[in-house]
Amino acid sequence: TIPSGVTITNNGTANGFGATGAVNWQTTVKTSGFTATAGEGYFINTTGGAISVNLPAGTAGAVVGFKDYANTFDTNEVTLVQNGSDKVGGSTDNVVLGQEGIAITLVFVDSTRGWFCW
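About the cut-offs
Residues numbered from 1 in each chain as written. Predicted model: local features only at pLDDT ≥ 70, side-chain atom pairs only at ≥ 80, totals over all residues. Heavy atoms only, no water. Helix = DSSP H or I, 4+ residues; strand = E, 2+ residues; numbered from the N terminus. Buried < 20%, exposed > 50% of the residue type's maximum accessible area, 1.4 Å probe, protein only. Areas by Shrake-Rupley, 256 points an atom, 1.4 Å probe, with all protein chains shown as cover. Pairing = 2+ DSSP bridges. Polar contact = N/O pair within 3.5 Å; in protein donor to acceptor, adjacent residues only side chain to side chain. Contact = heavy atoms within 4.5 Å. Axes fitted to C-alpha atoms, helices over the stretch in contact; angles between N-to-C directions. Core = buried A, V, L, I, M, F, W, Y, C linked by side-chain atoms within 4.5 Å.

## Some remarks on the overall build of the protein chain
Item 1. Within the protein chain, the regular secondary structure consists of zero helices and nine strands.
Item 2. Taken over 118 residues, the protein chain has a buried fraction of 31%.
Item 3. For the protein chain, the accessible surface area stands at approximately 6,900 Å², while carbon and sulfur atoms represent 48% of it.

This is how it looks when you write it as structure tokens:
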């Protein structure tokens, strides 16, 4: 809560002020496997081969996003690897992104259903 009349000046990066479900997109393109961080979105380039991405530990309301940078997921897929017992859409199977040009945002709901595609 901010009192009336207060001015806020952002001298850096502001996190947590976006709409619910927003991610801060990272502009360094990922070209190899990595562990995603909640609240961030990633451009993934699979022209060099398939890539595995470890999902972060799920907490209610956490979001993470992914975008096919070079439109090559149909040739070289991205596998989203679950963190421990966290599920994706209620399933314990890893998720494969294999559609050319896809962009998705995942939001974590709870331990029963886990990450949902937005």
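Let's pick the thread back up.
## Some words on the sheet that holds strand β4 (residues 51-54)
Item 1. Strand order across the open sheet formed by four strands is β2-β4-β6-β7, with mixed pairing between neighbours. The outermost strands of the open sheet, each flanked by one partner alone, are β2 (34-35) and β7 (95-97).
Item 2. Sheet topology note: the β4/strand β6 (residues 78-81) ladder contains four bridges and is parallel. Directly across from N54, in β6, lies its bridge partner V81.

## Let's talk about the side chain of N76
Item 1. The topology assignment puts N76 in the loop between β5 (63-68) and β6.
Item 2. Here T46 takes part through its backbone oxygen, which lies 2.7 Å from a polar atom of the side chain of N76.
Item 3. Every residue in contact with N76, bar those within four places of it in the chain, is listed here: T46, T47, G49 and A50.

## With respect to the sheet that holds strand β1 (residues 24-30)
Item 1. Pairing is mixed in the open sheet, where five strands are placed in the order β1-β3-β5-β8-β9. Bordering the open sheet on either side are β1 and β9 (115-117), each of which pairs with just one other strand. The average angle at which neighbouring strand axes cross in this sheet is 25°, direction not considered.
Item 2. Of the strand pairs in this sheet, β1 and strand β3 (residues 40-44) are connected by four bridges, and their pairing is parallel. Residue pairing for β3: N24 is matched across the bridge by E40.

## What about the nonpolar core?
Item 1. Of all hydrophobic cores here, the largest spans 20 residues; its most connected members are I44, V53, F66 and L80.
Item 2. Those elements that provide at least two residues to this core are β3, β4, β5, β6 and β8 (103-108).
Item 3. In terms of residues, this core owes the most to one element, β8, which gives three residues.

## What to know about the environment of T31
Item 1. Following the sequence through the fold, T31 ends up in the loop between β1 and β2.
Item 2. Contact partners of T31, with chain neighbours within four places excluded, come to N45 and I51.

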